[in-house]
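# Architecture at a glance
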Amino acid sequence: MSSLEERLTELEVRLAFIDDGVTALNAAVAMQDQTMLSMRRELDRMREDLLGLRSALGNDTSNEPPPPHY
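Residues numbered from 1 in each chain as written. Predicted model: local features only at pLDDT ≥ 70, side-chain atom pairs only at ≥ 80, totals over all residues. Heavy atoms only, no water.

### Some words on the overall build of the protein
In terms of helices and strands, the protein carries 1 helix and 0 strands. Scaling as 2.2 N^0.38, a compact globule of 70 residues should have a C-alpha radius of gyration of about 11 Å, whereas the protein reaches 28 Å, well beyond that. In terms of its C-alpha atoms, the protein occupies a principal-axis envelope of roughly 90 × 25 × 10 Å. Counting every position in the protein, which comprises 70 residues, the buried fraction comes to 0%. (Helix = DSSP H or I, 4+ residues; strand = E, 2+ residues; numbered from the N terminus. Rg over C-alpha atoms; globule rule 2.2 N^0.38 Å. Buried < 20%, exposed > 50% of the residue type's maximum accessible area, 1.4 Å probe, protein only.)

### Thoughts on the pattern of salt bridges
When the charged atoms of two side chains lie near each other, side chains of opposite charge can form a pair. Tallied over the entire structure, the rule returns 4 salt bridges. The closest approach of N and O atoms between R47 and D44, which form a salt bridge, is 3.5 Å. Of this pair, R47 and D44 both sit in helix α1 (residues 2-57), 3 residues apart, which is roughly one turn of that helix. Classification of R47 as partly exposed rests on a relative accessible area of 45%. The salt bridge involving D49 is made with R45; its shortest N-O contact spans 2.6 Å. Here D49 pairs with R45, and both are found in helix α1, just 4 residues apart, close to one helical turn. By relative accessible area, which is 39% here, D49 ends up partly exposed. (Salt bridge = Lys/Arg side-chain N within 4 Å of Asp/Glu carboxyl O.)

Without other data, these values stay purely geometric and don't point to any function.
Rendered as structure tokens:
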């Protein structure tokens, strides 16, 4: 019977370590998700700023002739 109790104790210890690992991974994924959301917002803001600058300049760079050194 003691062997069965030892096996059960070992399984409980392993489960506790696995549970701690899953909790740590979950926290890391949540933090990465927040970072990615922040980066996405910043990228969208920068894209809007760039489009605003292009329209403010009134120039479409795709229609410009190449520079003289080409």
